[in-house]
Amino acid sequence: MATDSQPSEEDMNRDPVEVARQKAQSLSPEDPGYPSALHEFTDALYQQFHRTGSMSDLDELIKHEQVLLSLYPQDHPTHLVALGNLGLALRNRYTSGGSLEDLEKAVTYLSTMMDRCGPDSAYFVPSSTNLASTLALRYRLTSDAADLTRAIETYSLALSKCSDGSPNRDNLLNNYGNALCSEFELFGERADLETALTHYRDCLALRSPGHPRRYSLLTNLGDALQLKFILDRNSADLEEAVTCYTDALQSCTAGQSGYITLLTSLGVAFCSSFQVLGDAEEVEKALTYCRTALATSSGAGTEHIRLLDCFGSALQFRHQKSGDIEDLNLSIELLSTSLELQPTFSTERLVTLLHLGNGLLLRFNVAGELADLSASVDRLETSLQLCGATHQFRPFVLTTYGDALLARFKENGDIGDLELAIAQSKTALLSCPTHYSYAALANLNDALLARFIRLRDINDLRTVISQCDHAVNTLPPTHILLARFKGDRAFALFEKSQYEGSAADLDLAIESLHGVESCLPEGDRLFVAVHLHLAIAHQVRFSSRGDEVDLHMALQHSRIAYRNCTRGNSSYPAVVMQLGINLYFLYTFHGGRDSLDESIVCMADADQLLSTRPENSHYFPCLVNLGLALFKRYTFQNNYTDLDTAIEYATRALDIPTYRDKVPALVNLGTMFYARHKEAHVLADLKRSIQYFESAFTTIPPVHPERVTLLTNFGRALCRLAKIEDDSSILKLAIEHLREAVSLGRSDVFIPFTVAFFIDAQTRLAMRQHNNNQLQANLHAFKSLSHSIPTGHPALKTVYISSAFLLLHMFSLNEDPLLLDEAFGCFAKATTHSSFNHDLANSIKWAKQAERLHHSSELQAYQVSLSSLNTFMQATPAVSSRHKLLTQGKKAKFIALLPSKAAACAIERSSLELAVELSEQGRGLIWNQLARTRTPLDALRRAGEDGLALASDFERVSVQLQKWSSRPTPAMTEQMSRLTMEEDSRLYGQRRSEWLEIIGRIQSKEGFESFLRDVAYRELQEAAIGGPVILLNAHEKHCDAIVVTKNRPPLLIPLQSASVTELATMGKTFYRALKETQYSGDAKARERRLVPVLRTLWDVVVQPVVNELLKFLPRGSRIWFCPTSKFTTLPLHAAGPYRRGLPNLPDIYICSYTPSLSALKRSRSQKPQLESAPPLSFLAIGQSNSSNESEESELQAVNAELALVESLIPSSLSFKQISGDEGTADTAIEGLRTHAWVHLACHGNQDLADPFASAFSLKDRPVSLLDIIRAEPENPAFAFLSACHTAVGDEHTPDEVIHLAAGMQFAGFRSVIGTMWAVDDSTAQYMVKEFYKHVFNGDGSPDCTQAAKALNKASKTVDMNVVPIDQRIVFIHIGA
């Protein structure tokens, strides 16, 4: 409020100060004229102070007024005038200097003056007016209500003695009105405000247009009208207030007293208008006035504080519309500055604290910083402490404080915060004006909704719905809170539908939410919340009814909410989590790895944000849903890590004390342990699963979203237990649970699963009871169910598989072939339908049963299984992870045998070409998948601009996939969070999808139809261009050799004397002999144990092959063995009769190996990556001492071996040696990249747990198989691996042929020499010497394709008395 001061009579004296000073100084204090002269001098000083504002004038004035006061008796008129002038002077000095002592003295002097003036004195009205205004000023400083009460009483006395024609009446009316407005703000008495308005209007009549202080009065009148608007919500009052301010602005310019106050009042008025109309333009007007005021403000004083408060509030209002966090940042900065400028006892402080607390709360909601929330609660608590019970702003403080407490409850789960929030909102409602009660009511609704979610008291929901109905029916259509009440009503209806299972309420909630959503612009504070609830509601309705429209609507609204919600927003965890849930459903019913990957990334994102805030109300569902998504990935990737991690997340959710409804976590844990039991067959897992289900069953209410899922999965676990324990009573209990689940969820999208499990359980019971009629009825039920389920529904797989096993059981009873064919028809439907492609688990079930029953679909089952396996293997990026997938789980053994089974089946059907193709498809999967990203593209690049573009796209994405494939399996560390891991996995999935899409485009191009398709036999024959390839297939029924030649049909050679058992025995016997004689030093004893195995190998395997080869292949020719399964560990190249006069295999043919026909084909077609690379360069890498961490012994002959190699290479080859301290891993890898011929002499280590971690030992660290894959040599030709175990694969996945020699071949080395067992350091150099003598004995350029021939000769020419047989045959040749 703008205050007018009453001037004294002396204010009219215009005598110059110096004249008066000289006059006073010319007299002595004893002179009778001195008091009068001093009085004239103080008057002159006062007038000059008013003109200049000089503090020195004011200080001198106070000094002389005090002297003057002592010169007159108390009853003298001049004494009274001096009291008044001294009081006003001290008040003025307080205003400028801020000394509370000056203000206290001013009140004392002015009180004394009024007390000594009689009511009829001419000085009574001025003295009482000045005292009242000074008391009002002290009230604003100290908030002492007694000062305000006394000021009003004093104003009332003054007004009663002030005549209508008094020149002081307008000032008195104005200041009296100001005090009454302050009292209204303090106590809320309407009469005070009405009286103030009357006084302002009376004053306005006295200050006609042109009056110098009319503008300040108009400002005060406008402020009072604003207070009345707040009280009555009558827009006419607000419009009149704006008119007052606008009129005042016509006569008030920048720099004038009250100008800033006036602009601030205009800002406040337009903020109030925004609250009514919701029009963003009103806020912009307010901000414009605030900026103008701030540009001219001195930066201090009450008016500046009020300006900062108004500016800060206006920015908060704009944020509500725009969502711009910078508005909040500036608002908080301005309000914090305002607070710093205010003394602790300022009356403005509680309002500033209110606005600041609200701004901090808003910023917390946007940015999620807990410090903001804590500071908000602290500011609002302080504001409430300063706010009297009847203060006008108390309801607003209570409401905002309750909102902050609610936010804190959602973060820390403290029910005390929630109850206090509700109590504060209710208290605010009781004291609010009716129209302002809606804000408190809206906050109360939010708190009641939160309490329902926590405590599940349906009365809370009913209260919210009732309160919202009342508000919606009474608020005008343009009210800013109308949408919020409609939204809260819809939220409550949704929760009610979930609690009571009411489909009608769910429909009504969705309809209501759409109505609200259609009216909300982006940036509105409700925008994200409404779209989030729409996403949840549509997802729930999809779950209950299965309408695809709901699923897509849920996803659409999730994405809208996600796009409009910043990561720091307090709603972000709920938003990103719901997006993850909807993507999870999309994957479940439509497949598509990208959907599941994105779902897990979303869940991990929420987990990363909430893991440091475990009390947050969203943390429990976050853990539950993340665990569920990881479990879903486990079900199709079969990665045990995912299952273990899913269990970990569900367990953590169960341990959160603040979340009451533990059912979702219990159900998930039960389901996950059931799955783990099915995989590993550990009974303890099944028992634990049932314990979790029982715990959930005892606590779940009759109506609960998880009840059907609980009953279904509980029933399945009990069925499993009944089978294990052979207990019909357990099975009957399972059936009861499943029956209840079916009855509860007839429209549930997952109900087809439940029905299928129910029929399956009844089938189990019928089997136990030998009730054939029931079996027939169940078969009919399965058929009816399959017809009722939409095409593509994931439950169809379950129905088909269950039907298949039921039909197989019925076949076992009567051997009706029609039942058998129908059963395998169901298997085929479950695995070959477009919606169910790549279902490895079910295709394996099909293959097993077809093999068991010798059904005609067996071969098709193997083909489907191999195709599914190929896709299954590409689900994870790193090759180490892919290898792990092949070795874990109950399916691992069958998967390892799948290629040999498929080939054997094709052989039995006389389809030899198909047998070779299937064997090729199922072996070396990891190498083949890696090779696909390195496919030559020359022909494609020559196929026009389109071909060039496709080649460029393919190469770009392939390079990215190669980087993923050839790196170690990522693991969670402090540097690698779950979110980072999952984002990386998602990115891999996207790139792989892009890669497949590019392949599809290439295959659609004429001439490239077979691009990267499974290699046909005619193409595989190209591998045999240098000699026949003998594919050795080991199957439990029969072992066979298929000879693949360039121009002949495949030749089948049954190995009638061989068996899988015999092959395994030979391998074990051979390696046991090596191990047991390793340190004996008796080479002859070792030879005596090894030769019988080599003879048996000759008799059983190699001789039948050689006998057939000799019919068309001349002696001395090259042959390649392509062993599978148990054949991979046998030294086929060294087989022979080992009897005098009889040739061994090396005497008949030059033998090489190849992991697969495709690998050999690639070796033959290998071209240098750089045409300009030096074609002839030799690198020798040696390391006798490996890294300090290694416990390997020193290799004594390495240096001698390297020197020997150097002495043997021709001058046409440039030579480089890396050894000793220079023999580091990085140096070696770089050498592999840049040299065509490489010789390695060091320790070789086979890693049985992770074959891709197998490595050569170098000085500082090992060079692993992954390092070799990543090396990408420029011009590779030949590699000699003089190290142990470099050509030994993994016994669990022998057909993958994962060893160092294969890695060198894959890296591009066309010809590789490796070792099948340990190399003797002391004798290796002799074989090395003989080999290089033979390989470099020609006159032309060295030829890597002569390596096999040179090795064959070396094994014959080496001194057999020095090199024992095991060291002559330890080396094998791989490649071209």
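Because the structure is a prediction, the values reported are computed rather than measured.

(A) Highlighting the overall build of the protein chain. Along the backbone of the protein chain there are 58 helices and 14 strands. For the protein chain, the C-alpha radius of gyration of 46 Å lies well beyond 34 Å, the compact-globule estimate for 1376 residues. Here the analysis covers contacts within the protein chain between residues at least 6 apart in sequence; of these, 69% occur between residues at least 24 apart. Taken as a whole, the protein chain presents about 54,700 Å² of accessible surface, with 51% of it coming from carbon and sulfur. Charge centroids of the protein chain, computed over 129 positive and 160 negative side chains, lie 10 Å from each other.

(B) Looking closely at the nonpolar core. Ranked by size, the top nonpolar core spans 159 residues in total, and within it L193, F485 and V530 carry the most contacts. Those residues in contact with V530, other than ones at most four positions away along the chain, are F491, L513, V516, E517 and L520. I735, V749, M873 and L925 belong to the second-largest nonpolar core, a separate cluster that totals 143 residues.

(C) Fine view of the pattern of salt bridges. Going through the model one piece at a time under the given rule, you end up with 67 salt bridges. Two residues, R379 and D378, come together in a salt bridge whose shortest N-O distance is 3.0 Å. Here the salt bridges share partners, and the residues they tie into one network are D953, R956, R991, E994, E997 and R1001.

(D) Seen up close, the sheet that holds strand β11 (residues 1262-1264). Strand order in the open sheet made by the 3 strands is β9-β10-β11, with antiparallel pairing throughout. The sheet is open, and its two edges are formed by β9 (1244-1245) and β11, each paired on a single side. When strand β10 (residues 1255-1257) meets β11, the two strands line up antiparallel, connected through 3 bridges. Directly across from F1256, in β11, lies its bridge partner V1263.

(E) Examining the packing of helix α32 (residues 707-725) against helix α33 (residues 728-744) more closely. Between α32 and α33, the least distance of the axes is 8 Å, while the angle of their chain directions is 160 degrees. In terms of their interaxial angle, α32 and α33 are classed as roughly antiparallel. As for the relative orientation of α32 and α33, their crossing is left-handed in sense. Across the interface between the two elements, R707, V708, L711, T712, F714, G715, L718, C719, L721, A722 and E725 of α32 pack against I730, L731, L733, A734, H737, L738, E740, A741 and L744 of α33. Across the contact of α32 with α33, the residue classes tally to 14 nonpolar, 3 polar and 3 charged.

(F) Molecular detail of the packing of helix α35 (residues 772-788) against helix α36 (residues 795-814). At a closest axis distance of 10 Å, the pairing of α35 and α36 adopts a crossing angle of 155 degrees. One element, α35, and the other, α36, form an angle in the roughly antiparallel class. Here α35 and α36 pass one another in a crossing that is left-handed. Contact with α35, carried on its side by N772, L775, Q776, N778, L779, F782, L785 and S786, involves L796, V799, Y800, S802, S803, L806, L807, H809, M810 and L813 of α36 and no other residues of that element. For the contact of α35 with α36, the per-class residue count stands at 11 nonpolar, 7 polar and no charged.

(G) Broad picture of the side chain of E982. By secondary structure assignment, the location of E982 is in helix α46 (residues 978-1003). Note on E982: relative accessible area 2%, which makes it buried. Discounting chain neighbours no more than four positions away, the residues touching E982 are I600, V601, A604, L630 and R633.

(H) Region of the structure containing the pairing of strand β12 (residues 1278-1282). Here β12 lies mainly inside the structure; 5 of its 5 residues are buried. On β12, burial covers both faces: F1278, F1280 and S1282 on one face and A1279 and L1281 on the other are all buried. Relative to β12, strand β8 (residues 1237-1241) is paired through 5 bridges, and the arrangement is parallel. Note on β12: the bridge partner recorded for V1238 is A1279. Relative to strand β13 (residues 1311-1315), β12 runs parallel, the two being bridged by 3 bridges. Bridging across to β13, A1279 finds its partner in V1312.

(I) Examining the packing of aromatic side chains more closely. According to the stated counting rule, one finds 35 aromatic pairs in the structure shown. Between the aromatic rings of F805 and F827, the centroid separation amounts to 5.5 Å while the plane-to-plane angle is 85 degrees, which identifies the pairing as edge-to-face. With F805 in helix α36 and F827 in helix α37 (residues 817-832), this residue pair connects regions lying 22 residues apart in the sequence. Judged by relative accessible area, F827 falls into the buried class, the value being 0%. Taking the ring centre of F1112 as reference, the NZ or CZ of R1048 above it sits at 4.3 Å. Between R1164 and the ring centre of W1120, over which it is positioned, the NZ or CZ distance is 4.5 Å.

(J) Structural view of helix α56 (residues 1324-1335). Counted at 1.5 Å a residue, the expected span for α56 with its 12 residues is 16 Å, and the 17 Å between its end C-alpha atoms agrees. The buried fraction of α56 amounts to 9 of the 12 residues, a majority that puts the element mostly inside the structure.

(K) Up close: a positive patch on the surface. A cluster of like positive charges, contributed by K893, K1068, R1072 and K1126, occupies part of the molecular surface. Position of K893 relative to the elements: it lies in helix α41 (residues 892-908). Classification of K893 by relative accessible area gives exposed; the value is 66%.

(L) How the structure looks around unusual backbone geometry. The phi angle at R456 is positive, at roughly 60 degrees, despite the residue not being glycine. Looking at the element boundaries, R456 is found in the loop between α20 (437-455) and α21 (458-474). Judged by relative accessible area, which is 33%, R456 ranks as partly exposed. The phi angle at H854 is positive, at roughly 55 degrees, despite the residue not being glycine. Relative to the assigned elements, H854 resides in the loop between α38 (840-853) and α39 (858-873). Overall, the relative accessible area of 59% leaves H854 in the exposed class.

Calculation rules
- Residues numbered from 1 in each chain as written.
- Predicted model: local features only at pLDDT ≥ 70, side-chain atom pairs only at ≥ 80, totals over all residues.
- Heavy atoms only, no water.
- Helix = DSSP H or I, 4+ residues; strand = E, 2+ residues; numbered from the N terminus.
- Rg over C-alpha atoms; globule rule 2.2 N^0.38 Å.
- Contact = heavy atoms within 4.5 Å.
- Areas by Shrake-Rupley, 256 points an atom, 1.4 Å probe, with all protein chains shown as cover.
- Lys, Arg positive; Asp, Glu negative; His and termini not counted.
- Charge placed at Lys NZ, Arg CZ, Asp CG, Glu CD.
- Core = buried A, V, L, I, M, F, W, Y, C linked by side-chain atoms within 4.5 Å.
- Buried < 20%, exposed > 50% of the residue type's maximum accessible area, 1.4 Å probe, protein only.
- Salt bridge = Lys/Arg side-chain N within 4 Å of Asp/Glu carboxyl O.
- Pairing = 2+ DSSP bridges.
- Axes fitted to C-alpha atoms, helices over the stretch in contact; angles between N-to-C directions.
- Parallel < 35°, antiparallel > 145°, perpendicular 65-115°, else oblique.
- Left-handed = near helix turned anticlockwise from the far one by under 90°.
- Nonpolar A, V, L, I, M, F, W, Y, C, P; charged D, E, K, R; others polar.
- Phe/Tyr/Trp six-rings, centres within 6.5 Å; stacked < 30°, edge-to-face > 60°.
- Lys NZ or Arg CZ within 6 Å of the ring centre and 35° of its normal.
- Expected span 1.5 Å × (residues − 1).
- Patch = residues over 30% accessible without salt bridge, like charges linked within 9 Å, V, L, I, M, F, W, Y side chains within 5 Å.

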